[in-house]
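# Summary of the model geometry
The residues making up each chain are set out below.
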Amino acid sequence: MERVIITALLTLMLATPVIAAETLDAKNNEAPINIAANPQAIARIPAGFHFVNPGYLTVATSANNSPPIGLWATDNKTLIGSDPDIARLLADSLGLKLKLVPAAWEDWPLGITAGRYDVAMFNIAVTEERKKKFDFATYRADNHAFAVKTDSPISAIKGREDVAGKRIIVGSGTNQERILLSWDEKNRAQGLAPVQPIYLNDDAAATLALLSGRADMSFGPQAMAAWKVASRGQTKIVGHGPFRAWVAVTTKKGNGLDEALQQAINGAIASGQYKQVLARWGEQEEAVETSQINPPGIVYQ
């Protein structure tokens, strides 16, 4: 069983993000936020770089209706959310049109490696393992949250002992799963009741399972949990994972696009559109002051 350890993220552990409990409605956020082309970002596109679709930035992103990160608009054909919004700022800044490709979480690593997408944006956290195959330009600092029904008797998750014996919804292949399984291994070694992971990558199915009582709690991105609390009022956050992680735009290792992406993000931060995007999706507390290329990430051993 792999053990989760943290490197070079100590400064991020000092604060737990708290997103304002205000009513949020995705319908209010369907109008696109645009930005002017950024000559400095364009200048950092490698000479002769071949985009997957000429004239477009092709971005793989979630198709699982996971607000606020990604969801379908009321027309049921347009992808909206904080990741599509940031993707649009990137494309605009690079002087390109945006092509969003809905994909499954499991598909993005092969899709990037095979050249089907220029970048992937799935709330992807930087890990040392992933840095071997991909380059990253950060745009958020994310935490992981435990959420339960508002009337749940569970009031707090303060550490691994508190998850013993619980039925917990978690995404397969995610950092949350690795944390949960590592905690479960240690709990079992101490004779505590085992965790029952419930693998539901579809957000609607996960919400139904939680609200119907088929699961005790969910463990996923802080932004998604906080959105549900603010927009629906049917759940509450009772705890967080052991660390915060850098969330980054992900591209193929060594293709040289990372510097252009970093400059595009930093330009959007300076001009204000970046903060505008995060504010309308309730992610203000996850903002970064500047984008980093391949920062120290999570290490699994």
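Above: the structure in question.
As the structure is a computational prediction, the values presented were derived from the model and not from experiment.

Along the backbone of the protein there are nine helices and 14 strands. In terms of C-alpha radius of gyration, the protein reaches 19 Å, essentially the compact-globule figure of 19 Å for 301 residues. Counting every position in the protein, which comprises 301 residues, the buried fraction comes to 53%. Taking the contacts inside the protein whose residues are at least 6 apart along the sequence as the reference set, 80% of them involve residues at least 24 apart. Summed over all atoms, the accessible surface of the protein reaches about 12900 Å², with 52% contributed by carbon and sulfur. When the 30 positive and 30 negative side-chain charges of the protein are each reduced to one mean point, those points stand 2 Å apart.

A word on the environment of alanine 270. Within the secondary structure, alanine 270 sits in helix α8 (residues 258-271). For alanine 270, a relative accessible area of 70% gives the class exposed. Distance in space between the C-alpha atoms of alanine 270 and valine 229 is 30 Å, their sequence separation being 41 residues.

Pairing is possible between side chains that carry opposite charge, provided their charged atoms lie close to one another. Applying the stated rule across the entire model yields twelve salt bridges. Salt-bridge contacts for arginine 178 lead to glutamate 129; the nearest nitrogen and oxygen are separated by 3.3 Å. Pair noted here: arginine 178 is in helix α5 (residues 175-189) and glutamate 129 is in the loop between β6 (119-121) and β7 (134-142), with a separation of 49 residues, a long-range link. What makes arginine 178 partly exposed here is its relative accessible area of 24%. The partner of lysine 253 in a salt bridge is aspartate 135, with the nearest N and O atoms 3.1 Å apart. Of the two residues, lysine 253 sits in the loop between β13 (245-252) and α8 while aspartate 135 sits in strand β7, which places them 118 residues apart along the sequence. A relative accessible area of 38% means that lysine 253 is categorised as partly exposed.

Further remarks concern unusual backbone geometry. Looking along the chain, the bond that leaves proline 67 and enters proline 68 is cis, with omega of 5 degrees. By secondary structure assignment, the location of proline 68 is in the loop between β2 (56-62) and β3 (71-72). Phi is positive for asparagine 294, close to 45 degrees, though the residue is something other than glycine. With respect to the secondary-structure elements, asparagine 294 resides in the loop between α9 (273-280) and β14 (299-300).

Criteria and thresholds
- Residues numbered from 1 in each chain as written.
- Predicted model: local features only at pLDDT ≥ 70, side-chain atom pairs only at ≥ 80, totals over all residues.
- Heavy atoms only, no water.
- Helix = DSSP H or I, 4+ residues; strand = E, 2+ residues; numbered from the N terminus.
- Rg over C-alpha atoms; globule rule 2.2 N^0.38 Å.
- Buried < 20%, exposed > 50% of the residue type's maximum accessible area, 1.4 Å probe, protein only.
- Contact = heavy atoms within 4.5 Å.
- Areas by Shrake-Rupley, 256 points an atom, 1.4 Å probe, with all protein chains shown as cover.
- Lys, Arg positive; Asp, Glu negative; His and termini not counted.
- Charge placed at Lys NZ, Arg CZ, Asp CG, Glu CD.
- Salt bridge = Lys/Arg side-chain N within 4 Å of Asp/Glu carboxyl O.

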